[in-house]
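Structural overview for review
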Amino acid sequence: MFNRKFMEELFKPQELYSKKALRTVYDRLAHASIMRLNQASMDKLYDLMTMAFKYQVLLCPRPKDVLLVTFNHLDTIKGFIQDSPTILHQVEETFRQLTETYGGLSAGEFQLIRQTLLSFFQDLHIRVSIFLKDRVQNSNGRFVLPVSGPVPWGTEVPGLIRMFNNKGKEVKKVEFKHGGHYVTAPKEGSFELCGDRVLKLGTNMYSINRPVETHMSGASKNLASRTQESIVPNPLAKEELNLLARLMGGMEIKKASGPEPGFRLNLFTTDEEEEQAALTRPEELSYEVINIQATQDQQRHKELARIMGEFEVTEQPRPSTSKGDDLLAMMDEL
């Protein structure tokens, strides 16, 4: 990925890649490793990559911070390859090329780069689960711009309008309510090879521990209130569970008094999540639990054995035939 010739080609002045060309490069990069993805998985990975990068570019406090986002990417990669001096040298060389090429650009040139990138991703509104959970993306796929947090470095917190005369002297101040919760940026991110970037865009967005949401949303609550009459479980679905229980050896429609052998079907990641979901679930939505006992009395075991015996096919002795018939029979079996 950081091959010197490949990097030299990337840094040559050129037109922006087309979406098809970018997808081709991405596919080849992904399959250059031992990872192998089918078409559906590759599509999802590509969508995640493009939407994550669009989010990072869109929320940059100032155009120049696009470079800090790229440095965050490189810092993360460097953390993976500390034990590989050769590859680490290639990444650091790429860092120096970025600094040499883009370090001296003006704010207007960075704004043109940022606008070009956003124009490239303009029609992409793919919903990503991690963004939806963090409520930084709406259900229509568009991102939510924050109205709080630090303002861009070198700017002031909004709320004051200054008026000047033709000689450049301040003559009037007007305050206004901005409706947000802004603070002054603590410091500027470092553009050196090693330093504090300050900006978190471009870092690992999966490193934050997020609580599993088990509560019902307002829309779900409204839907539940409108469908009170259909709370009773579907009788057909219940009969299917009963059939499964009978096939496995028996059924018991009551809660077991003690620990029971067999397996347990759990749709949650941990027992704590299941307990939390049970506590927050409305009482009217709590259904009767069907416990499937795979070990029952001998009569049921005999019945199950009898059913299994009906599926056995006893092989009949094959009459002696010619060699040609034997060959045809072998081909039929294949």
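These notes cover the structure that comes with them. (Residues numbered from 1 in each chain as written. Predicted model: local features only at pLDDT ≥ 70, side-chain atom pairs only at ≥ 80, totals over all residues. Heavy atoms only, no water.)

**Re the packing of aromatic side chains**
Working definition: an aromatic ring pair is given by the centre-to-centre distance plus the angle between the planes. By the definition in use, this model includes eight aromatic pairs. With centroids separated by 5.6 Å and ring planes inclined at 65 degrees, the aromatic side chains of tyrosine 26 and tyrosine 46 adopt a geometry described as edge-to-face. Residue tyrosine 26 is located in helix α2 (residues 19-30), and its partner tyrosine 46 is located in helix α3 (residues 39-58); the two are separated by 20 residues in the primary sequence. Given a relative accessible area of 18%, tyrosine 26 falls into the buried group. Ring plane angle 85 degrees and centroid distance 5.5 Å describe the contact between phenylalanine 131 and phenylalanine 143, whose orientation is recorded as edge-to-face. Residue phenylalanine 131 is found in helix α7 (residues 129-133), and its partner phenylalanine 143 is found in the loop between α7 and β1 (148-150); the two are separated by 12 residues along the sequence. (Phe/Tyr/Trp six-rings, centres within 6.5 Å; stacked < 30°, edge-to-face > 60°. Helix = DSSP H or I, 4+ residues; strand = E, 2+ residues; numbered from the N terminus. Buried < 20%, exposed > 50% of the residue type's maximum accessible area, 1.4 Å probe, protein only.)

**Structural notes on the pairing of strand β2 (residues 160-164)**
Relative to strand β3 (residues 170-175), β2 is paired through five bridges, and the arrangement is antiparallel. By the bridge assignment for β3, methionine 163 is matched with lysine 172. Following β2, the chain reverses through five residues before pairing antiparallel with β3; glycine 168 in that reversal takes a positive phi of roughly 85 degrees. (Pairing = 2+ DSSP bridges.)

**What to know about the packing of helix α4 (residues 65-80) against helix α5 (residues 85-102)**
For any two helices packed against each other, the geometry comes down to the angle between their axes and how far apart the axes lie. One way to put it is that α4 packs onto α5 with a least axis distance of 10 Å and a crossing angle of 170 degrees. Taken together, α4 and α5 sit at an angle that is classed as roughly antiparallel. Contacts between α4 and α5 involve Leu67, Thr70, Phe71, Leu74, Ile77 and Lys78 on the former and, on the latter, Leu88, Val91, Glu92, Phe95, Leu98, Thr99 and Tyr102. The residue makeup of the contact of α4 with α5, split by class, is nine nonpolar, two polar and two charged. (Axes fitted to C-alpha atoms, helices over the stretch in contact; angles between N-to-C directions. Parallel < 35°, antiparallel > 145°, perpendicular 65-115°, else oblique. Contact = heavy atoms within 4.5 Å. Nonpolar A, V, L, I, M, F, W, Y, C, P; charged D, E, K, R; others polar.)

**Here's the deal with α4**
An ideal rise of 1.5 Å per residue puts 22 Å on 16 residues; α4 measures up with 23 Å between its terminal C-alpha atoms. For α4, every residue scored as buried is listed here: Asp65, Val66, Leu67, Leu68, Val69, Phe71, Asn72, Leu74 and Lys78. (Expected span 1.5 Å × (residues − 1).)

**A short note on the pattern of salt bridges**
Between side chains of opposite charge, a pair can form when the charged atoms approach closely. Across all of its chains, the model carries 12 salt bridges by this definition. In this structure, glutamate 170 and lysine 173 form a salt bridge, with 3.6 Å as the shortest nitrogen-oxygen distance. Several salt bridges share partner residues, and in doing so they unite Glu156, Arg162, Glu170 and Lys173 into one network. (Salt bridge = Lys/Arg side-chain N within 4 Å of Asp/Glu carboxyl O.)

**Details of the nonpolar core**
In terms of nonpolar packing, the biggest core is built from 30 residues, with Tyr55, Phe71, Leu74, Phe131 and Leu201 touching the most fellow members. If you list the elements that add at least two residues to this core, you get α3, α4, α5, α6 (107-120) and α7. Of all the elements, α4 adds the most residues to this core, at six residues. For leucine 201, the contacting residues outside a window of four places in its chain are Tyr55, Gln56, Leu59, Cys60, Val69 and Asn72. (Core = buried A, V, L, I, M, F, W, Y, C linked by side-chain atoms within 4.5 Å.)

**Quick look at the side chain of aspartate 65**
As for its position among the elements, aspartate 65 is in helix α4. You can call aspartate 65 buried: its relative accessible area is 5%. A polar side-chain atom of aspartate 65 sits 3.0 Å from a polar atom in the side chain of arginine 62. For aspartate 65, the contacting residues outside a window of four places in its chain are Cys60 and Leu199. (Polar contact = N/O pair within 3.5 Å; in protein donor to acceptor, adjacent residues only side chain to side chain.)

**Re the side chain of arginine 114**
With respect to the helices, strands and loops of the structure, arginine 114 is situated in helix α6. For the buried arginine 114, no salt bridge exists, and the shortest N-O distance to an oppositely charged side chain is 8.5 Å, to aspartate 65. Leaving out residues up to four positions away in the same chain, arginine 114 has contacts with Val57, Leu58, Cys60, Pro63 and Val66. (Lys, Arg positive; Asp, Glu negative; His and termini not counted.)

**What about α5?**
In a regular helix each residue adds 1.5 Å, so 18 residues correspond to 26 Å; α5 covers 26 Å between its end C-alpha atoms and thus fits that length. Listed in full, the buried residues belonging to α5 are Leu88, Val91, Glu92, Thr94, Phe95, Gln97 and Leu98. For α5, the secondary structure elements touched by its buried residues are α1 (4-11) and α4.

Purely geometric stuff here, so don't read any function into it on its own.
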